Amino acid sequence: MPPGGGGCRHGSTAQDHPPATVLRDEGDPLLVLARLASQEKKQKQHEYEYEQEQEQPAVSIPEGPLAEILARVPYRSLCRFKCVSKPWLALCSSRDICKRSPQTLSGFFYYDSDALLSFCNLNGRGPPLVDPSLPFLRERYKLIFVKGFCAGLLLCTCWESCSMGGESHYVVCNPATKEWTVLPPIVIPAEEVSHRLHPIPYLGFDATIPTCFAVFAPLRKGQSDSGIVAIYSSQTGQWTYVQSKWSARTHIDHVRKRHVLLDGTMHLTTRQKSIVTVDMEGKVWREIKMPDRLPSNVDIVSIGKSQGRLYAWQIDNRHDRQLYIWVLDDYGTGKWILKHTVNVLELFRRPGSISVFSVYPDCNVGVLNDREKIGKPCRNGYDTYDMFAVHPDCNVIFLTDKKKMTISYNLDNHKVEIICTESIHGLPYIPCFAELPVNWSLRVGAASSTQNGTPPL
Amino acid sequence: MAATTADGSKVVGGGEKSNVDEESKMITLFSSDGERFEVTQEAAAMSQTIHHMMEDGCVDDEGVHLPNVGSSILAMVIEYCNRHVASPDEKEDIRSFDAGFVNVEHHTLFDIIRAANYLDVKELMDLCCQTVADSIKSKSVEEIRELFGIVNDFTPEEEAEIRKENQWAFE
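Remember, predicted model here, so these are calculated numbers, not experimental data.

So, about the sheet that holds strand β16 (residues 302-306) of chain A. What links the strands of a sheet is backbone hydrogen bonding, and the strands pair in either a parallel or an antiparallel sense. All names here are of chain A. Spatial strand order, β16-β17-β18-β19: four strands in an open sheet with antiparallel pairing. Both edges of this open sheet fall to β16 and β19 (335-343), since each of them pairs with a single strand only. Along the sheet, successive strands turn relative to each other by an average axial angle of 30°, direction set aside.

Here it is as structure tokens:
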């Protein structure tokens, strides 16, 4: 129910319903002040407007409709508008408005050269939107290891003690709202205990359906998949254990761990030029094959989601560093379309550094590839490039040379922008202000005593 | 579009004078400055406020008084409602009508929003709020203050603090 919607029912005075401004940090004096000021101001505004209506229209808008407008403003603009005035600060910080405000890619989580979890804003500048040290979890957990991300949520393995020898929990958290929930432990089926199975969890979350998330954890037996997949659904709050119906020769690429949740189905990449999928209930299993002739000889692709479609790509790092991007055109038949082919080398040579085209003005692509004729910038011949993300809402992709540059490239207008001069090999973060879906009382800090193995608080 | 009948009242939109049919039954609306508007009940029902009044039997023979809505704005709202009940399925036409409808100055848009809010016409609210949202999303803080007539009630230090916290949004 949108805040502040609806006019009066009967009678002659206009009275907007007070907007449901839910503030997370209620104790914050600035916000309390803002709330009081806004209520006072709203009261005065009603009286003023009723009198002024006959004369000239007032410039301002009452708070109810203003909230309706702000809820449609993208989140980035909302954060800017916090500076406008105290009432605007309260509105722009309000959870209800942030929840409705259109969210988009804001930055990337990645592991830096010291293997520390870091966050880079989309434009590469300024203090990070999200504190990657996840301080809201630190009150309870001493050791936190982020296992995966999906859109606005993170999946972590956490230890309350300082050593990994103790018991660990799977925790799903939302850095925007600072909410988190503990998942029950995965219980290895009795007959498999001796096989020392270990789970590799993949978090699935779709911000357009924020009412649930899922965790898919294929259980590995040594170096291969056991065929058992544990699936956690936030709707049931339980793990279910299902037998995989993918073919026996399926090898999921657990190294790169590329995964996409699309239409309630988890997609994982394999080492055999295909993508395997399973739905949240573990009932529908599919394998989507990539086109037979992949340009490089590498059988693994990366996947991502953009504009509601599944994207797959790979860079031929062994030869000409061409990037091939496919889009799954027909989900039912598994038909791919090669949408874009990009010369990655050319992209990285464009910004800043000595352009090959300026040194040799008559260069063409043929000469570019001829390494003997062109004095290459100081690099060896083994540079590898990676496209690590596609923008969820538009035709922009993100690439890194894995050494000292990360760029974005607009596939429509061919514009290259440098994000930062460090290699970010991360996953996209899209803030989400919806309530973390849990179906029992396992919210911030509280643990259910009915859980197997979870220590009560 | 508006015709003036013999008694001076405006008939806006496609209302039938002889109203045997329930749907084409007319209802009179009075703006804050005393102007009369005849609308079909169907169009009037797009306003939840008026709709509830009709259902609860609060509408007398005279009509509905809307002391919060001036005549020029009420005429526009009625035009919107008439258009939307007339051919709700012609999406393309409606889209281009809507685009033309909101192509007005900001203060008129604000007036329409206030009227639509008071009258509780959800579609019109959605349309206008989205239009305003789209037009302000790239504006600077100063431009917003000017547009909405807002006085900055932050101290320079307070504003600097907020700006710093949200640095990423300013770049």
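The subject of this paragraph is the packing of aromatic side chains. Counted according to the given criterion, the structure contains 23 aromatic pairs over all chains. A ring pair is formed by F81 of chain A and W88 of chain A, whose centres lie 6.0 Å apart and whose planes are at 70°; its orientation type is edge-to-face. The same class applies to F81 of chain A as to W88 of chain A, namely buried. Seen from their ring centres, W88 of chain A and F148 of chain B are 5.1 Å apart, and the 70° between their planes marks the pair as edge-to-face. Placement of the pair is W88 of chain A in helix α4 (residues 86-93) and F148 of chain B in helix α7 (residues 141-148), with the two residues belonging to separate chains. Here the aromatic cluster, defined as three or more aromatic residues joined through ring pairs, consists of F81 and W88 of chain A together with F110 and F148 of chain B. The residue whose ring lies beneath R286 of chain A is Y331 of chain A, and the NZ or CZ to ring-centre distance is 5.1 Å.

Take the pairing of strand β13 (residues 265-269) of chain A next. Sheet faces and side chains relate simply in a regular strand, where the side chains alternate between the two faces. All names here are of chain A. Of all five residues in β13, five are buried, a share of seventy percent or more. The alternating pattern of β13 places T265, H267 and T269 on one face and M266 and L268 on the opposite face, and all of these are buried. In this sheet, β13 lies alongside strand β12 (residues 259-262) in antiparallel orientation, the contact comprising four bridges. If you follow L262 over to β13, its bridge partner there is T265. What sits between the antiparallel neighbours β12 and β13 is a turn of two residues, in which D263 has the positive phi angle 55°. Joining the antiparallel neighbours β13 and strand β14 (residues 274-279) is a turn of four residues, in which K273 adopts a positive phi near 55°.

All names here are of chain A. Across the interface, helix α2 (residues 63-70) lies against α4 with an axial gap of 10 Å and an inter-helix angle of 50°. Put simply, α2 runs oblique to α4. Where α2 crosses over α4, the handedness of that crossing is right-handed. Only W88, L91 and C92 of α4 make contact with α2, whose side of the interface consists of E63, L66, A67 and L70. Grouping the amino acids of the contact of α2 with α4 by side-chain chemistry returns six nonpolar, no polar and one charged.

This brings us to the interface of chain B and chain A. The interface of chain B with chain A comprises 50 residues on the first partner and 49 residues on the second. Between chain B and chain A, the buried area comes to about 4400 Å², and carbon and sulfur atoms account for 61% of it. Counting across the chain B and chain A interface gives two salt bridges. Between chain B and chain A we count seven residue pairs in polar contact (both at pLDDT 80 or more) in total. If you list the elements that add at least two residues to the side of chain B that touches chain A, you get α2 (48-55), α5 (106-119), α6 (122-136), α7, α8 (156-165) and α9 (167-170) of chain B. Here the side of chain B that touches chain A is composed, by residue class, of 22 nonpolar, 14 polar and 14 charged.

With that settled, consider the pairing of β14 of chain A. Residues and elements named next belong to chain A. Across the six residues that make up β14, a large majority, six, are buried. Burial along β14 is two-sided: the face carrying S274, V276 and V278 and the face carrying I275, T277 and D279 are both buried. Pairing analysis gives five bridges linking β13 to β14, with the strands arranged antiparallel. Residue pairing across strands places M266 opposite V278, the latter belonging to β14. Relative to strand β15 (residues 285-289), β14 runs antiparallel, the two being bridged by five bridges.

Time to look at the environment of W336 of chain A. All names here are of chain A. Looking at where W336 falls in the secondary structure, it is placed in strand β19. Sequence separation of W336 and L117 is 219 residues, and the distance between their C-alpha atoms is 34 Å. Apart from the residues within four sequence positions on either side, W336 is in contact with I275, I288, K289, M290, P291, L310, Y311, A312, W326, V327, L328 and D329. At a separation of 3.0 Å, a polar atom in the side chain of W336 contacts the main-chain carbonyl oxygen of K289.

Criteria and cut-off values
Residues numbered from 1 in each chain as written. Chains lettered and ligands numbered in written order. Predicted model: local features only at pLDDT ≥ 70, side-chain atom pairs only at ≥ 80, totals over all residues. Heavy atoms only, no water. Pairing = 2+ DSSP bridges. Helix = DSSP H or I, 4+ residues; strand = E, 2+ residues; numbered from the N terminus. Axes fitted to C-alpha atoms, helices over the stretch in contact; angles between N-to-C directions. Phe/Tyr/Trp six-rings, centres within 6.5 Å; stacked < 30°, edge-to-face > 60°. Buried < 20%, exposed > 50% of the residue type's maximum accessible area, 1.4 Å probe, protein only. Lys NZ or Arg CZ within 6 Å of the ring centre and 35° of its normal. Parallel < 35°, antiparallel > 145°, perpendicular 65-115°, else oblique. Left-handed = near helix turned anticlockwise from the far one by under 90°. Contact = heavy atoms within 4.5 Å. Nonpolar A, V, L, I, M, F, W, Y, C, P; charged D, E, K, R; others polar. Buried area = accessible area lost by both parts, 1.4 Å probe. Salt bridge = Lys/Arg side-chain N within 4 Å of Asp/Glu carboxyl O. Polar contact = N/O pair within 3.5 Å; in protein donor to acceptor, adjacent residues only side chain to side chain.

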